[in-house]
Amino acid sequence: MKITKTLRAVPFLAASVLALNTPLAFANQPDSLYLYTYATIQNGGRNGLHAAWSAEGKEWSLLGSNFSFVKSDYGTWGGQKRMLTPFVWKGQDGLFHALWSVNEKDAVLAYATSKDLILWKPQSYITLKSVGTNCLAPEANWNAKSNQYEVTWLSVAADKDTVACMSSTSDFHAFTPAKVIPRTSRLESRRSIASLDATASGTITKVPRELVQNLQRYVLAKDDQYRSYAQNFQSDATLFANLTPLQATLTPSSPSSQKKISSLLMGIFFEDISRAADGGLYAELIQNRDFEYSSKDRREWNAQTAWALKGTGATFTVSEASPLHVNTPHYAVFTVETPGASLTNVGFEGIALKKGEKYNFSLFTQQLSGKGGKLKVRLVTPEGEVLATTTVSAPSATWNQQKAILTANADCANAKLELEPQTVGSLALDMISLFPQKTFKGRANGLRADLAQTIADLHPRFMRFPGGCVTHGNGIDNIYRWKNTIGPLQERKGDFNLWGYHQSVGLGFQEYFDFCEDLGCEPLPVLAAGVPCQNSSDGGAGQQGGIPMDQMEAYTQDLIDLIEWANGDAKTTKWGKIRAQGGHAKPYGLKMLGIGNEDLISDVFKERFEYIYMRIHAKYPDLKVVGTAGPFWEGSDYEEGWATATDLKVPLIDEHYYESPSWFLHNQDYYDQYDRSKSHVYLGEWASHGNNVYNALAEAVYLCNLERNADVVEMASYAPLLAKEGQSSWNPDLIYFTNNEVKPTANYFVQMLFGQHSGTKYQPAALSIQDANGKNVSDEAKLRLASSIVRDEKTGDVIVKLVNMLPVVAAVDIPVQVLQPGAKSVKSYLFTGAGDSRKSTLSEEKLSVEAAMKIELQPYSLRVLRIK
Ligand code: AHR
């Protein structure tokens, strides 16, 4: 068999045929072609479904050299997500069906359908338990007599022999019990076309010629897209080699064209990722204060992690015999036989102290044996130099809390805590805590002031919390339960964090709501739709799993209770009372609740989401529920998420995409076609791939377009917000930090400028651009000069934003007096930097109205003009 490895046009579809108006049909060509759909074991089988076509089944042409039409979504990122031995066929319903094996060990088959092989419905994972340990080389055959598909596969049985198995189904949801069949009764129609790839395995189907043409068109269009999305700062040297300085004019449309836009557009998304909460925003300085760390958090961790014994004549163990509270069952038992030994804590990679600042120390103790005496508390440098010291009184025979204040006599980035009992005996210790007195807004159990202030400077209008993947969790048991995160700290139930550490939930729902109040923004809690993360490692066979339907009522009630906790009367409602006991008698005024986080929009998801949505909507019809549309800007979850939201009339839908800067430049019209009468959009997670000035400016260009579409895009939040340097599970992030430094990125300053200068009305305007010779510029150049005009109705200010992502200056004429008749003053903010650098500068100046009429936009800059 002869193979053409490169993309070869279907004979009647020469390259030029890609122009849509070129005739596609030629009289002498066959009506149908052979299509080979297959996977290889290259890259461990993670490359997905490929296709090749042939006129006679002899000479094969690849559709895209390494193009994948669908990839397996089974299992966790990294080692899993494998598609082995796919079997694709055209079903009785006219759809293409695909079955494949997900690995060599699980008794699971993956299944998906598509009408055109391009857009695939969300995958489902079929658990076929009864015979053997795995499911290999699946096939399906229509049995006209029984009106069912017979699905067969090979499996290694208990006696280690490979057996053939069969199960029947009409819908790929319900299957008859698997039974062993003679191997000879299998179709064995899978082919290996070794000349395409030595490891290729798949099926050949006869399909209409148009289908192959469509696939080819699609592959070529995608190729073009990928090429343009790969443009970066370096491409500018070639793309704009001959570009001369530009002259642009901003012409506003008539005032009647102004439209109302969302006042909530600019917000934040806080997730406990990369140590954003414990060891980050949450100001607690003691790590593992409650001895609840375990190997579930991280393989090498245990209840003693971050603690150590210093000196001799003492032992340090962990007990659960008589806990302070059942929810935090572990505590330390410190037995001193020779005074002088101490128990130390290293904090989160050290404890940062500031000279002259006061720190609140507290702990619960209980004298287990011995007479008991005072306990010395010290903060010391790594070399043992004492930075602060105090003493707490002797413990009592039952659990009792002790408190003290420590004042640091010097700055230190990596101090340690030392606890030294002054007498021999055995002590129980728990909830050992150290907080700076200076927290954000001085709150007890509060937030790190410098980090919180940096966030506040973004002027967020809302905050989504407690996370994306953190909220739906790694497996059902890890789904975030808000009720575990309120009340006295020793009664809260921590859990492992799927980003590889521990959630103490000291920063719990009350603290999140308080933070929103301190920021003056709307809270947007997001909780799971009864399904864990689709990448869960313990979702079990069937992968996504889902809370069993007979437990969904209880789960949904928890969500409904949250609304009462946030908004209920402190005297007359159960959960309102609980909120008041926590210290907040006044209702928080919750208006929105997110259900689900970029989930796989499977049947498992849909059933649970609808259940929750209907219950909440019935009880709280005015509450805005935010649905979810998967992790990408296109594809099966996006389509199904939208279809579900449209069916149920969900008010808002949460979209996520992380893309190249160039994607953002080439998709400025993404929301232009959105139907305003359907669900509105919350762009809950978005960012370009990087923290360079070029990235930040691409985001600024996109934000100009989000403002333009802020009648349908109600809210947007960059993600992730925070990351501790050296502890980051995700890059890029908006704000990096260490224990004693905050490092906002270039992207941060763009978000800040848009947050501080947002509006409530949008003024459409045309930006006409010409080069120094008065000639029109290329479309690529046009994409890199953006503008947006908004009015802030509260202040009456008009705000003009201008972005120049080109290597040349652009002089922009701005009709200041038309935009703001009688304009008195103009404040200008300039963000700029070298495109390939993480370093940016931000400056501000006052301009006269005349000076603001012609703005010199320097290369790679964002200018914000606030016209009074
Ligand atoms: O923002 C980081 C992660 O990205 C979120 O947890 C998840 O929702 C998304 O995949």
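An account of the accompanying structure is given in this report. (Residues numbered from 1 in each chain as written. Predicted model: local features only at pLDDT ≥ 70, side-chain atom pairs only at ≥ 80, totals over all residues. Heavy atoms only, no water.)

### A few points about helix α3 (residues 449–456)
Side chains of residues three or four places apart in an α-helix project in the same direction, reflecting 3.6 residues per turn. Along α3, the residues that are buried comprise Leu451, Ala452, Thr454, Ile455 and Ala456. Looking at the buried positions of α3, the neighbouring elements they touch are β16 (268–269), α5 (509–519), β37 (722–724), β38 (735–737), β39 (742–744) and α12 (746–756). (Buried < 20%, exposed > 50% of the residue type's maximum accessible area, 1.4 Å probe, protein only. Helix = DSSP H or I, 4+ residues; strand = E, 2+ residues; numbered from the N terminus. Contact = heavy atoms within 4.5 Å.)

### Quick notes on the side chain of Gln668
In this fold, Gln668 is placed in the loop between α10 (661–666) and β35 (680–688). Of the residues examined, Gln668 reaches a relative accessible area of 14% and is grouped as buried. At 2.9 Å, the side chain of Gln668 forms a polar contact with the side chain of Asn705. In this structure Gln668 touches Val701, Tyr702, Asn705, Arg708 and Leu783, once residues within four positions along its chain are discounted. (Polar contact = N/O pair within 3.5 Å; in protein donor to acceptor, adjacent residues only side chain to side chain.)

### Some remarks on the packing of helix α11 (residues 693–708) against α12
Where α11 meets α12, the closest approach of the two axes is 8 Å, and the angle between their N-to-C directions is 25°. With respect to their mutual orientation, α11 and α12 come out roughly parallel. In this structure, α11 crosses over α12, and the sense of that crossing is right-handed. Here Val693, Asn695, Ala696, Glu699, Ala700, Leu703, Cys704 and Glu707 of α11 lie close against α12, whose contacting residues are Ala746, Asn747, Val750, Gln751 and Phe754. Along the lines of polarity and charge, the residues of the contact of α11 with α12 split into 8 nonpolar, 3 polar and 2 charged. (Axes fitted to C-alpha atoms, helices over the stretch in contact; angles between N-to-C directions. Parallel < 35°, antiparallel > 145°, perpendicular 65-115°, else oblique. Left-handed = near helix turned anticlockwise from the far one by under 90°. Nonpolar A, V, L, I, M, F, W, Y, C, P; charged D, E, K, R; others polar.)

### Some thoughts on α11
For α11, with 16 residues, the first-to-last C-alpha span of 23 Å sits near the 22 Å given by 1.5 Å per residue. Burial within α11 is extensive, with 15 of its 16 residues counted as buried. (Expected span 1.5 Å × (residues − 1).)

### Details of the environment of His617
Counting through the fold element by element, His617 comes out in helix α8 (residues 603–619). Its relative accessible area of 35% is what places His617 among the partly exposed residues. Between the C-alpha atoms of His617 and Ile560, which are 57 residues apart in sequence, the distance is 10.0 Å.

### Quick notes on the pairing of strand β48 (residues 861–867)
The element β48 is extensively covered by neighbouring structure, given that 7 of its 7 residues are classed as buried. Residues Ser861, Arg863, Leu865 and Ile867 point to one face of β48 and Leu862, Val864 and Arg866 to the other, with burial holding for every one of them. Pairing between strand β43 (residues 797–804) and β48: 7 bridges, direction antiparallel. Residue pairing across strands places Ile799 opposite Arg866, the latter belonging to β48. In the sheet, strand β45 (residues 826–832) pairs with β48 via 7 bridges, with the strands oriented antiparallel. Counterpart to Phe831 in the pairing with β48 is Leu862. (Pairing = 2+ DSSP bridges.)

### Things to note about the site of the ligand
Among the 13 residues in the neighbourhood of the ligand, the closest are listed as Glu271, Cys469, Glu598, Tyr658 and Glu685. Glu271 has a polar side-chain atom sitting 2.5 Å from an oxygen atom of the ligand. Expressed as a share of its isolated accessible area of 280 Å², the protein-covered part of the ligand is 95%. Broken down by class, the residue content of the shell around the ligand amounts to 8 nonpolar, 2 polar and 3 charged. (Near = heavy atom within 4 Å. Areas by Shrake-Rupley, 256 points an atom, 1.4 Å probe, with all protein chains shown as cover.)

### Structural notes on the sheet that holds strand β11 (residues 162–169)
Taken in spatial order, the 4 strands of this open sheet run β9-β10-β11-β12, and their pairing is antiparallel. One side of each edge strand has no neighbouring strand; the edge strands of this open sheet are β9 (136–143) and β12 (179–181). Sheet twist, expressed as the mean angle between neighbouring strand axes with direction ignored, is 35°. Of the strand pairs in this sheet, strand β10 (residues 148–156) and β11 are connected by 8 bridges, and their pairing is antiparallel. Bridging from a neighbouring strand, Glu150 pairs with Ser168 of β11.

### What about the nonpolar core?
In this structure, Phe509 and Tyr671 are the most contacted members of the largest nonpolar core, which totals 129 residues. Here this core takes 11 residues from α11, the largest share from any one element. Not counting residues up to four positions away in its chain, the partners in contact with Tyr671 are Glu655, Tyr657, Arg676, Val681, Leu683, Tyr702, Leu706, Asn709, Val712 and Val713. Residues Ile286, Ala314, Leu406 and Ile432 belong to the second largest nonpolar core, which totals 33 residues. (Core = buried A, V, L, I, M, F, W, Y, C linked by side-chain atoms within 4.5 Å.)

### A short note on the sheet that holds strand β22 (residues 358–369)
Sheet architecture is open: 5 strands sit in the order β18-β19-β27-β22-β25, paired in antiparallel fashion. The open sheet has two free edges, formed respectively by β18 (314–319) and β25 (400–407), since each of these has just one partner strand. Taken over all neighbouring pairs, the strand axes of this sheet differ in orientation by 30° on average, direction set aside. Relative to strand β27 (residues 425–436), β22 runs antiparallel, the two being bridged by 9 bridges. What sits directly across from Gln366, in β27, is Ala428.

### Some remarks on the packing of aromatic side chains
The description of two aromatic rings rests on the distance between their centres and on the angle between their planes. Enumeration over the complete set of coordinates arrives at 55 aromatic pairs. On the numbers, 6.1 Å between centres and 50° between planes, the contact of Phe509 with Phe513 is tilted. Highlighted residues: Phe509 and Phe513, both in helix α5, separated by 4 residues, approximately one helical turn. Taken together through their ring pairs, the aromatic side chains of Phe270, Phe465, Tyr480, Trp482, Phe509, Tyr512, Phe513, Trp565, Trp575 and Tyr588 make up a single cluster. (Phe/Tyr/Trp six-rings, centres within 6.5 Å; stacked < 30°, edge-to-face > 60°.)

### Considerations on the packing of helix α6 (residues 552–567) against α8
As a packed pair, α6 and α8 sit with axes 10 Å apart at the nearest point and diverge in direction by 40°. Here α8 runs oblique to α6, going by the angle between their axes. Note that α6 runs across α8; the crossing there is right-handed. Residue-level inspection shows Met552, Glu553, Tyr555, Thr556, Gln557, Leu559, Ile560 and Ile563 of α6 in contact with α8, the latter providing Arg608, Tyr611, Ile612, Arg615, Ile616 and Lys619. Within the contact of α6 with α8, the residues separate by chemical class into 8 nonpolar, 2 polar and 4 charged.

### Quick look at the pattern of salt bridges
In this structure the tally under the stated criterion is 45 salt bridges. A salt bridge links Lys606 to Glu640, with the shortest nitrogen-to-oxygen separation between them at 2.8 Å. Here Glu640 lies in helix α9 (residues 636–648) and Lys606 lies in helix α8, a separation of 34 residues in the sequence. Judged by its relative accessible area of 9%, Glu640 is buried. A salt bridge links Arg676 to Asp711, with the shortest nitrogen-to-oxygen separation between them at 3.0 Å. (Salt bridge = Lys/Arg side-chain N within 4 Å of Asp/Glu carboxyl O.)

### Considering empty space enclosed by the protein
If a probe the size of a water molecule is rolled over the atoms, the empty space left behind becomes visible. Enumeration according to the criterion identifies 6 cavities of 30 Å³ or more in this entry. The volume enclosed by the largest cavity comes to roughly 80 Å³. Split into classes, the residues belonging to the lining of the largest cavity amount to 4 nonpolar, 3 polar and 4 charged. (1 Å grid on protein atoms, 1.4 Å probe; cavity = no way out; pocket = protein on both sides within 12 Å on 5 of 7 lines; lining within 4 Å. Points joined across faces, edges and corners; volume = space filled by probe spheres on them.)

### Concerning the environment of Asp236
Tracing the backbone shows Asp236 in helix α2 (residues 236–239). Those residues in contact with Asp236, other than ones at most four positions away along the chain, are Ala241, Tyr694, Arg784, Met805 and Tyr860. Side-chain polar atoms of Asp236 contact the side chain of Tyr860, separated by 2.6 Å.

### So, the pairing of strand β6 (residues 96–101)
Within β6, 6 of the 6 residues are buried, which leaves it mostly tucked inside the rest of the structure. Pairing analysis gives 5 bridges linking strand β5 (residues 84–90) to β6, with the strands arranged antiparallel. By the bridge assignment, Phe87 is partnered in β6 with Leu99. Between the antiparallel neighbours β5 and β6 lie 5 residues, among them Gly94 with a positive phi of about 85°. Counting the residues between successive antiparallel strands, the hairpin from β6 to strand β7 (residues 108–114) contains 6 residues.

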